[in-house]
Amino acid sequence: MSLSLVSPLLRRVLQFKMCRRKMQSWNNMSCTLWRHRWMKRMPVFKAMSTHTDKENIDLSKFPAHRIRNFCIIAHIDHGKSTLADRLLEMTGAIAKTEKNKQVLDKLQVERERGITVKAQTASLFYSHQGEQYLLNLIDTPGHVDFSYEVSRSISACQGVLLIVDANQGIQAQTVANFYLAFEAQLAIIPVINKIDLKNADPERVESQIEKVFDIPREECIRISAKLGTNVENILQAVVNRIPPPVASIDDPFKALVFDSNFDHYRGVVANIAVFGGRVKKGDRIVSAYLGKTYEVNELGLLRPDEHPTQKLFAGQVGYIIAGMKDVKEAQIGDTLYLQEQPVEALPGFKPAKAMVFAGMYPMDQSEYQGLRSAIERLTLNDSSVTVQRDSSLALGAGWRLGFLGLLHMEVFNQRLEQEYNASVIVTAPTVPYKAVFSSAKLIKEHGSEEITIVNPAHFPDRSVVSEYLEPMVLGTILAPDSYTGKIMSLCLNRRAVQKNMVYIDDQRVMMKYLFPLNEIVVDFYDLLKSLSSGYASFDYENAGYQAADLIKMDILLNGRRVEELTMIVHRDSAYSTGKAMCERLKDSIPRQMFEIAVQAAIGSKVIARETIKAFRKNVLAKCYGGDITRKMKLLKKQAEGKKKMRLIGSVEVPKDAFINVLKRKDK
Amino acid sequence: MIRHACLTVRRVLSVGLRCFSHVSTGEIIEDEFEWTHLSRQASLYVHWPYCLRRCSYCNFNKYISRQSNEHIMTECLQKETESLLQLSQVSSITSVFFGGGTPSLAHPSTIAAVLETVSRQANLSDQAEVTLEVNPTPVGMSKLEDYCRAGVNRFSIGVQSLQDEDLNILGRDHSSHQALQTIEEARRLCPGRVSVDVMFGRPKQSVESWEDELSELLRVCDDHVSLYQLTLERGTQLFKQVQGGQVTVPAEDVTAEMYQCARRTLDQHGFLQYEVSNFARHNAVSHHNMSYWKGRQYIGVGPGAHGRFVPLGDGGVTREARTQTLEPDVWIREVQQRGHGTRRKIQLSHLELLEEVLVMGMRMSEGISHKHWELFSPQLGLCEVFGTSTEVQELLQSGRLILDDRGLRCSWDGLALLDSMLPALLVELERQICQQLQKDCHVDAKKKTSNPR
């Protein structure tokens, strides 16, 4: 395989890594490095001693034509991980037991949500017609938020298993994943899973596949991963239908770093795909990116635990440890070669760009340090999360974090809470806007024609800007056709433009819309799910920037601007957003002794207003029989609360009010 | 914790300083006298925990008695009165209040017995106000005369409403007619010393109907009126009904209007509002309640009763907040076993004491005079505490709060908003007291280092 095939993809190929640290806490199952899941069940030394026994595999017996590199892609819950479990069992990589459930999904969040966040690799040995094959299964995340992971995995593969649920049929992420594989020109093997289900309708799914993906129905393999039905056929198809990697053992050594993990004791563990030649323990290798030289200390296969070998050969996939001390040294997309045989570097990957931003603040400022170290640890291996310090007068010191997408953000939050037990206030997500300067002078001042605006405080005035740009996404929605009307009006309300609408069978419709990203970041998915009784699926991919009529909206309390509530909105949605903000504030600011005007304003023009009426009476009658303890307690609590109030002019705003207004609405 | 410790230090310190000044100025001597005077007298609250039925709005400590145990109850009330009076070492009881529950269910002999006990232990002047809460039922009314003979000289009648339908919703066991009769009888027995309790903000009540009701009441009432706004308390039947939407209560703005309208009407009829919810003409104020608001000592007797006094008998020097055991049966057992049923006692720090003085004092129309404040805070005057805060300044400027040579008080408008102003005052009080404390500690530390003995 040549990387040029992948290059259209590289635009979206992003660096991402969910944290796999916390090696030191062996007892913490959920966040331990996945590779050490089995190892950690035994003492460390024992695990190391077994290495010698395993080094018997002679990888030179597996020339490129006996290697297949493939991954599995699927919509959430269509059975990708279950199929992976079966493949591991059938090839003897793991013992066949009842307990093998989502073996490759190690994170608590992965198991709870039934999603894969982190791509993983397992090398399988498989005999087919008297020949031993080395099948490298590269498990992938199911969601397009993590498509950088998918893309990276794909760059090391020649084929994919596209799993579709026999009951649910093609879903939004099936489509998104299909196109990733299709654009990479990989061999695609459609697999219809869950045929054992009562309502399974494999014929219908086959015709959907034929219609949407233009793959003949005869190519579909019907299986039940749960029961193991027909799974053997998949292994045969992998050998027969996926081409071997194009790589020659006679070329100089050349390998792509497609993933890396950080191990506290051994340093960086890089996952590599060998594109040419061979590499062995003791070789001196060079990172093309940094030009630094390293000595190979250990290398081997992932089965899926680390299995050291003497060498790795062209076409194979494995891991390498070469004394890199910092994750930054193992740049994803970097090319490795032998010191004495320099080669031309592979194209590499572009770094990930954060598309959704949210403020994160500790519930209480005393928890700041704790939260800081939790965020640091979670982001250590995840360069796709951008972290900027931020502070809000209402919420105190915190951070503005950038994520690749909504799921990425949710997964991050969930891990922060579950794995680090951190309680955080997460503000409603915003998206990065851009402004194009109109004068040469300003361009010179800023050093570029365009600036990206993450913080509304930095929003440049209309007068110095030739246009504002907002990020767009191409959304795919699949739903039964009875919901089409409702979905269309929802999309229309979100300023979406319909690009395409296809019946994938006689009941299900696939719609494509171009959305402003900011219209889907908060509650779009929830609304879509509820108006379609849960039947619609949604996915999106980034679709660049478009000019947009953006304005800065201020929120005023009795005429005073509340800095932390300033936001950038599209002119068309200014009124509804402003009104909603005013209403939420009205409900969360307690009445005071004077009237409070809550206003949304654009420049000096007020576009929405709510009034919080003054208290006319606030005194409790009667202290029964001298029982003033309760009353004192209440008043003391109010007095304590008063110290924590944010004062806007003379209006006291409790922190809760900001949290209510700024926080993402609970699902 | 540290602050608490500091405050204790301050208490000790201030006592020391007072003694120190004792020699030099006569003024302080008078304060010293008043201070000791304060701890030598108290008012007495006696709680009768039983009711015949549960009012739909009431979450107070009351029990529907299944069997008559009045004999035991009487003994225990006497016993506890005796124990606590001894503990407090007060020489005189300035007023007695029988509250509940429904104390008018108690036999007049019970009331007499408790009063006799008081008289045996401390000085209870003939002039001392002795109030009994009365449910205006025929049975209650029939006993009024006997209560007077027992020593009661003031009645507080729980009229609540003059609308029979409303009385029904509230779960009261009397009619408006019975209420009017009871008022009449009480006035006959204790002219000028009858108070009526009325409630506003009741389900379905309007400002107009409230005005009419108040006028009707003013035609029959004596010289004292207490106005209470119905508060929905969690756990009551009414709370559930309102939550469930079967019953609606007037909105906040409507009850505010009812309150203001009642204040105006009562004023027009010569009733002076001397406290947030109390109105009197011909100076018929409730002395018992006044002593709460003035921060004086009170002893609480009976299940769930509260008290505030210095337990001198135990060698205590600081005022304690005391709560008696809630459940009558348990309370009875405790009194029988150890003479009293005090479940909880908490020493009030200097700051806590001042906080109570402030919160209670500001409920009075006259507010807190400089002299009144100085009694509790000889070192830090009202002006020093509240004079510098910008927020207090704003309240003064808005005309809702007044700080002048009389003292600190709410204006007529301000009184209705007291609970919005108190947090600001409490914040300032705490800040000033803590500052003073630090200064004192500093001076004290200096003294120690410069004068080693």
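Parameters at a glance
Residues numbered from 1 in each chain as written. Chains lettered and ligands numbered in written order. Predicted model: local features only at pLDDT ≥ 70, side-chain atom pairs only at ≥ 80, totals over all residues. Heavy atoms only, no water. 1 Å grid on protein atoms, 1.4 Å probe; cavity = no way out; pocket = protein on both sides within 12 Å on 5 of 7 lines; lining within 4 Å. Points joined across faces, edges and corners; volume = space filled by probe spheres on them. Helix = DSSP H or I, 4+ residues; strand = E, 2+ residues; numbered from the N terminus. Buried < 20%, exposed > 50% of the residue type's maximum accessible area, 1.4 Å probe, protein only. Contact = heavy atoms within 4.5 Å. Patch = residues over 30% accessible without salt bridge, like charges linked within 9 Å, V, L, I, M, F, W, Y side chains within 5 Å. Areas by Shrake-Rupley, 256 points an atom, 1.4 Å probe, with all protein chains shown as cover. Salt bridge = Lys/Arg side-chain N within 4 Å of Asp/Glu carboxyl O. Lys, Arg positive; Asp, Glu negative; His and termini not counted. Charge placed at Lys NZ, Arg CZ, Asp CG, Glu CD. pLDDT = per-residue confidence, 0-100. Buried area = accessible area lost by both parts, 1.4 Å probe. Nonpolar A, V, L, I, M, F, W, Y, C, P; charged D, E, K, R; others polar. Disulfide = S-S within 2.5 Å. Core = buried A, V, L, I, M, F, W, Y, C linked by side-chain atoms within 4.5 Å. Polar contact = N/O pair within 3.5 Å; in protein donor to acceptor, adjacent residues only side chain to side chain.

### As for empty space enclosed by the protein
All names here are of chain A.
Right, so step 1: Applying the stated criterion across every chain, the model contains 11 cavities of 30 Å³ or more.
Right, so step 2: Taken as a whole, the second largest cavity encloses approximately 90 Å³ of empty space.
Right, so step 3: Asn 69, Gln 158, Pro 245, Val 274 and Phe 275 are the residues nearest the centre of the second largest cavity, which is lined by 14 residues in total.
Right, so step 4: Here the lining of the second largest cavity gets three residues from one element, more than from any other, and that element is strand 8 (residues 267-276).

### Considering the environment of Gly 323 of chain A
All names here are of chain A.
Right, so step 1: Along the chain, the position of Gly 323 falls in the loop between strand 15 (317-321) and strand 16 (335-338).
Right, so step 2: With a relative accessible area of 27%, Gly 323 lands in the partly exposed category.
Right, so step 3: Distance from Gly 323 to Arg 266, taken between C-alpha atoms, is 7.2 Å for residues 57 residues apart in sequence.
Right, so step 4: Excluding residues within four positions of it along the chain, Gly 323 makes contact with Tyr 294, Glu 295 and Asn 297.

### Examining a negative patch on the surface
Right, so step 1: A cluster of acidic side chains, namely Glu 208, Glu 211, Asp 212 and Glu 216 of chain B, defines a negative patch on the protein surface.
Right, so step 2: As for its position among the elements, Glu 216 of chain B is in helix 8 (residues 207-220).

### So, the confidence of the model for chain B
All names here are of chain B.
Right, so step 1: Mean pLDDT over chain B: 88, with 90% of residues reaching 70 or higher.
Right, so step 2: Confidence drops under pLDDT 50 across residues 1-32; counting only partners more than four residues distant or on other chains, this segment forms 31 contacts.
Right, so step 3: Both confidence scores are given for the complex: pTM 0.64, ipTM 0.83.

### A word on the interface of chain B and chain A
You'll often see interface size given as the accessible area lost when the parts meet.
Right, so step 1: On the side of chain A, 30 residues touch chain B, which itself brings 46 residues to the contact.
Right, so step 2: Taken together, both faces of the contact between chain B and chain A bury some 3500 Å²; the carbon and sulfur share is 57%.
Right, so step 3: The largest share of the area that chain B buries against chain A comes from Asp 253, His 306 and Asp 419 of chain B, three residues that together contribute 15% of it.
Right, so step 4: Our count for the contact surface shared by chain B and chain A stands at nine salt bridges.
Right, so step 5: A salt bridge links Glu 391 of chain B to Lys 642 of chain A; its shortest N-O distance comes to 2.6 Å.
Right, so step 6: Elements with a minimum of two residues in the side of chain B that touches chain A: strand 7 (194-200), strand 8 (224-229), helix 10 (252-268), strand 12 (306-309), helix 13 (350-361), helix 16 (390-397) and helix 18 (418-450) of chain B.
Right, so step 7: For the side of chain B that touches chain A, the leading source of residues is helix 18 of chain B, giving 10 residues.
Right, so step 8: Counted by class, the side of chain B that touches chain A contains 23 nonpolar, eight polar and 15 charged residues.

### Regarding the pattern of salt bridges
Residues and elements named next belong to chain A.
Right, so step 1: Enumeration according to the criterion identifies 49 salt bridges over all chains in this entry.
Right, so step 2: Residues Arg 495 and Glu 470 are paired through a salt bridge, measuring 2.8 Å at the closest nitrogen-oxygen approach. Pair noted here: Arg 495 is in the loop between helix 12 (484-493) and strand 24 (497-503) and Glu 470 is in strand 23 (residues 465-480), with a separation of 25 residues, a long-range link.
Right, so step 3: Classification of Glu 470 as buried rests on a relative accessible area of 3%.
Right, so step 4: Residues joined by salt bridges that share partners form a network here, namely Glu 203, Glu 206, Glu 210, Arg 217 and Arg 222.

### Things to note about a nonpolar patch on the surface
Right, so step 1: On the surface, Met 488, Met 501 and Tyr 503 of chain A cluster together to form a nonpolar patch covering roughly 250 Å² of accessible area.
Right, so step 2: Looking at the secondary structure, you find Met 488 of chain A in helix 12.

### Some thoughts on the state of the cysteines
Right, so step 1: Under the defined criterion, the tally for this structure stands at zero disulfides over all chains.
Right, so step 2: Lacking any disulfide linkage, Cys 157 of chain A is separated from the closest cysteine sulfur, that of Cys 71 of chain A, by 3.9 Å.

### Points about the layout of surface pockets
All names here are of chain A.
Right, so step 1: Considered as a void within the structure, the second largest pocket measures approximately 1300 Å³ in volume.
Right, so step 2: Every residue lining the second largest pocket is counted, 46 residues in all, and those nearest its centre are Ala 428, Thr 430, Met 567, Thr 577 and Met 581.
Right, so step 3: Elements represented by at least two residues in the lining of the second largest pocket include exactly strand 18 (386-392), helix 13 (517-520), strand 29 (567-570), helix 15 (571-588) and helix 17 (655-662).
Right, so step 4: The element contributing the most residues to the lining of the second largest pocket is helix 15, with six residues.
Right, so step 5: Partitioned by chemical class, the residues of the lining of the second largest pocket number 21 nonpolar, 12 polar and 13 charged.

### Brief notes about the nonpolar core
Right, so step 1: Counting residues in hydrophobic clusters, the biggest one holds 106 residues, and the most contacted among them are Ile 93, Phe 155, Leu 227, Ile 299, Leu 358 and Met 362 of chain B.
Right, so step 2: The dominant element in this core, judged by the number of residues it contributes, is helix 18 of chain B, at nine residues.
Right, so step 3: With residues up to four places along the chain from it excluded, the contact list for Met 362 of chain B reads Ile 368, Leu 401, Leu 408, Arg 409, Cys 410, Leu 415, Leu 418, Leu 422 and Leu 425 of chain B.
Right, so step 4: In this structure, Met 360, Leu 378, Cys 491 and Leu 531 of chain A belong to the second largest nonpolar core, which totals 55 residues.

### As for the side chain of Arg 202 of chain B
All names here are of chain B.
Right, so step 1: As for its position among the elements, Arg 202 is in the loop between strand 7 and helix 8.
Right, so step 2: Of the residues examined, Arg 202 reaches a relative accessible area of 1% and is grouped as buried.
Right, so step 3: A polar contact of 2.8 Å, which involves the side chain of Arg 202, links it to the side chain of Asp 166.
Right, so step 4: If we ignore the near neighbours within four places in the chain, the residues touching Arg 202 are Gln 160, Ser 161, Gln 163, Asp 166, Leu 170, Glu 213, Leu 230 and Pro 250.

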